[in-house]
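# Structure at a glance
The residues making up each chain are set out below.
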Amino acid sequence: DTAVSQTPKYLVTQMGNDKSIKCEQNLGHDTMYWYKQDSKKFLKIMFSYNNKELIINETVPNRFSPKSPDKAHLNLHINSLELGDSAVYFCASSPPASGPSYEQYFGPGTRLTVT
Amino acid sequence: AQSVAQPEDQVNVAEGNPLTVKCTYSVSGNPYLFWYVQYPNRGLQFLLKYITGDNLVKGSYGFEAEFNKSQTSFHLKKPSALVSDSALYFCAAGSGTYKYIFGTGTRLKVLA
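The following paragraphs examine the structure supplied in this document. Quantities reported herein were computed from a predicted structural model and do not represent experimental measurements.

Another point: the overall build of chain B. Scanning chain B from N- to C-terminus turns up 0 helices and 12 strands. In sequence order, chain B lays out its α and β elements as β-β-β-β-β-β-β-β-β-β-β-β. Taken over C-alpha atoms, the radius of gyration comes to 13 Å for chain B, in line with the 13 Å a tight globule of 112 residues would show. The principal-axis extents of the C-alpha atoms in chain B amount to approximately 40 × 30 × 20 Å. Counting all 112 residues of chain B, 46% fall into the buried class. At a minimum sequence separation of 6, the contacts of chain B that also span at least 24 residues come to 54%. For chain B, the accessible surface area stands at approximately 5300 Å², while carbon and sulfur atoms represent 48% of it. Across chain B, the mean location of the 10 positive side-chain charges is 6 Å away from that of the 7 negative side-chain charges.

Shown next as structure tokens:
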């Protein structure tokens, strides 16, 4: 069973479109994250949710809106896509009673290409 | 500002030789430090972490890391490199609440 899964794996779309990426974890974790990895492989946190509540929003444009319907899911919706949004987006989760002392479990990534 | 630095973009090592991938950190309070590995077209996989206690931490696939508080370093090591160790390695630090800061990654290439 996949611990952290993301759909779709690849996403190609045009500028100005709206798209969503879904993430699910079956590890029973309380905390979930979205990361963006750019073409140089730099990894930067975007959002963090704990028990469905937003706890970190790292100066991400308002066009990005995370939604957590329950503890096992954290979806990322992106409005008005721009060329600079092209990247690989990773979802991750970390164990219950989380804090920064716990390791994260990453999904396989979603490669978003905006043309 | 809190940060994690990986000074080497790439490290080349011959198979069978020891390897070291460097990481230094600057975080407030007690550092929680991690190493992750990323294979092509895959997500990051956890290798090991330092929370407290013994400065030498052992992890998956024969990797270990040494925490050095005075030098604010957490270098990843392996006594004998394998070609299959070739990948992208990230050092990370836990900071504040639920926040992790990642280094820029080091590409390890093990030559047969």
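Residues and elements named next belong to chain B. Among the secondary structure elements, glycine 53 is positioned in the loop between β6 (44–50) and β7 (56–58). Look at glycine 53 and you get partly exposed, because its relative accessible area is 48%. Taking the C-alpha atoms as reference points, glycine 53 and alanine 92, separated by 39 residues in sequence, lie 18 Å from one another.

The interface is formed by 23 residues belonging to chain B together with 27 residues belonging to chain A. The tally of links between chain B and chain A comes to 1 salt bridge. The salt bridge partner of B:Lys49 is A:Glu103, with a shortest N-O separation of 2.8 Å. At the boundary of chain B and chain A, one finds 4 residue pairs in polar contact (both at pLDDT 80 or more). Those elements that provide at least two residues to the side of chain B that touches chain A are β5 (32–38), β6, β10 (87–95) and β11 (99–102) of chain B. Classifying every residue of the side of chain B that touches chain A gives 11 nonpolar, 8 polar and 4 charged.

Cut-offs used in this document
Every chain is numbered on its own, with residues counted from 1 as its sequence reads. For naming, the first written chain is A and the first written ligand is 1, with later ones following in the order written. Local features in a predicted model are, by the rule used here, given only for residues with pLDDT of at least 70; side-chain atom pairs are given and counted only at 80 or more, and totals for whole chains, interfaces and linings are based on all residues. Values shown for side chains rest on all heavy atoms present in the structure; no hydrogens or waters enter the calculation. Secondary structure follows DSSP: runs of H or I at least 4 residues long count as helices, runs of E at least 2 residues long count as strands, and numbering of each begins at the N terminus. This radius of gyration counts C-alpha atoms alone. The globule rule is 2.2 Å times how many residues there are, raised to the power 0.38. Each residue's exposure class comes from its accessible area (1.4 Å probe, protein chains only) as a fraction of the maximum for that residue type: buried when under 20%, exposed when over 50%, partly exposed otherwise. Contact between two residues is taken to exist if any of their heavy atoms lie within 4.5 Å; hydrogens are not considered. Here, Shrake-Rupley sampling with a 1.4 Å probe gives the accessible areas, and only protein chains in the shown set may cover a residue. When charges are counted, Lys and Arg are positive and Asp and Glu negative, with His and the chain ends excluded. Just so you know, the charge point we use is NZ for Lys, CZ for Arg, CG for Asp and CD for Glu. Salt bridge, as used here: a side-chain nitrogen of Lys or Arg that lies within 4 Å of a carboxyl oxygen of Asp or Glu. N or O atoms closer than or at 3.5 Å make up a polar contact, with two conditions inside protein: a donor-capable atom paired with an acceptor-capable one, and, for residues adjacent in sequence, both atoms drawn from side chains. Here the term charged refers only to Asp, Glu, Lys and Arg, the term nonpolar to Ala, Val, Leu, Ile, Met, Phe, Trp, Tyr, Cys and Pro, and the term polar to all other amino acids, Gly among them.

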